[in-house]
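Coordinates in review
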Amino acid sequence: MASADKLINTDVPEKDVFALHFLQSLSNLKTQNPLNSPAKSIDRVRKIKKAAYVSMARAAGGTSRLWSRALLRRAAKDDNKSVRFSRRKRKVTWKISSKRRKSNNQRAPVVEEAAERLRNLVPGGGGMETSKLMEETAHYIKCLSMQVKVMQCLVDGLSQK
């Protein structure tokens, strides 16, 4: 059984920020217009899902992560809004000699294949180098886990009534 303070008293500040944004978004959906027909319920599910992802991206620091920027950009695109984020300074990366690059590519095609799958799963992962992709993926998974825990607390709290 979940208590009301379980949602508020968390060890991760992102949970509180996510919960606040998500509850505000749900409140806005409720006040807009009641949806009763099956066609409108599909639209409502899409809006709730969008609210969850946007809230998660904002809780993760907004534009500080590539995946959160990609989610916010996608949400704004769905709303037909143009969005610009300030450019971040790029880190300098050292180039690997072509001889060494060939040996790495021949040695680890499985790693590159797995990295390509991750690039397709993580929002904004398309152009990331492998080390940055791993870092972003770990943070994205952590935030998805946090999202599930907060939503489970909400469901537990609401199902008691």
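Residues numbered from 1 in each chain as written. Predicted model: local features only at pLDDT ≥ 70, side-chain atom pairs only at ≥ 80, totals over all residues. Heavy atoms only, no water.

What about the pattern of salt bridges?
Where we set the bar: Within this document, salt bridges are pairs made up of a side-chain nitrogen of Lys or Arg and a carboxyl oxygen of Asp or Glu, the two lying within 4 Å of each other. Only DSSP runs of H or I covering at least 4 residues are called helices, and only runs of E covering at least 2 are called strands; the numbering of each starts at the N terminus. Relative accessibility thresholds used throughout: buried, under 20% of the residue-type maximum; exposed, over 50%; partly exposed, between the two (1.4 Å probe, protein chains only).
What the rule picks out here adds up to 8 salt bridges. The partner of D43 in a salt bridge is K47, with the nearest N and O atoms 3.6 Å apart. Linking D43 with K47, this pair stays in helix α3 (residues 38–59), spanning 4 residues, or about one helical turn. Of the residues examined, D43 reaches a relative accessible area of 24% and is grouped as partly exposed. Here R117 makes a salt bridge to E113, at a shortest N to O gap of 2.8 Å. Here the residue R117 and the residue E113 both occupy positions in helix α6 (residues 109–121), the gap between them amounting to 4 residues, near one helical turn. Taking the relative accessible area as the measure of exposure, R117 reaches 52% and is therefore exposed. With a relative accessible area of 47%, E113 lands in the partly exposed category. In this structure, a network of salt bridges that share partners links the residues R65, K132, E135 and E136.

Observations concerning the packing of α6 against helix α7 (residues 130–159)
For clarity, the threshold we go by: Here the axes come from fitting lines to C-alpha atoms, over the contacting stretch only for helices, and the angles between their N-to-C directions go from 0 to 180 degrees. Angles below 35 degrees are treated as roughly parallel, those above 145 as roughly antiparallel, those between 65 and 115 as roughly perpendicular, and all remaining angles as oblique. The sense of a crossing depends on the near helix, which, turned anticlockwise from the far helix by less than a right angle, makes the crossing left-handed and, turned clockwise, makes it right-handed. When checking whether two residues touch, look at their non-hydrogen atoms; a contact exists if any pair is within 4.5 Å.
The contact between α6 and α7 brings their axes to 10 Å, and the two run at 50 degrees. Of the possible angle classes, the one that applies to α6 and α7 is oblique. Here the hand of the crossing between α6 and α7 comes out left-handed. Contacts between α6 and α7 involve E112, A115, L118, R119 and L121 on the former and, on the latter, T130, L133, M134, T137 and Y140.

Examining the packing of helix α4 (residues 66–78) against α7
Viewed as axis vectors pointing N to C, α4 and α7 meet at an angle of 65 degrees, and their least axial separation amounts to 9 Å. Between α4 and α7, the contacting residues are L66, W67 and L71 on the first element and K132, E136, H139, Y140 and C143 on the second.

A short note on the nonpolar core
For the record, the criterion: Think of a nonpolar core as a cluster: buried Ala, Val, Leu, Ile, Met, Phe, Trp, Tyr and Cys residues, connected wherever their side-chain atoms sit within 4.5 Å.
Among the nonpolar cores identified, the biggest contains 20 residues, and F18, M56 and W67 are the most heavily contacted of them. Mapped onto this core, the elements with two or more residues apiece are α2 (13–32), α3, α4 and α7. A per-element tally of this core places α3 first, with 6 residues.

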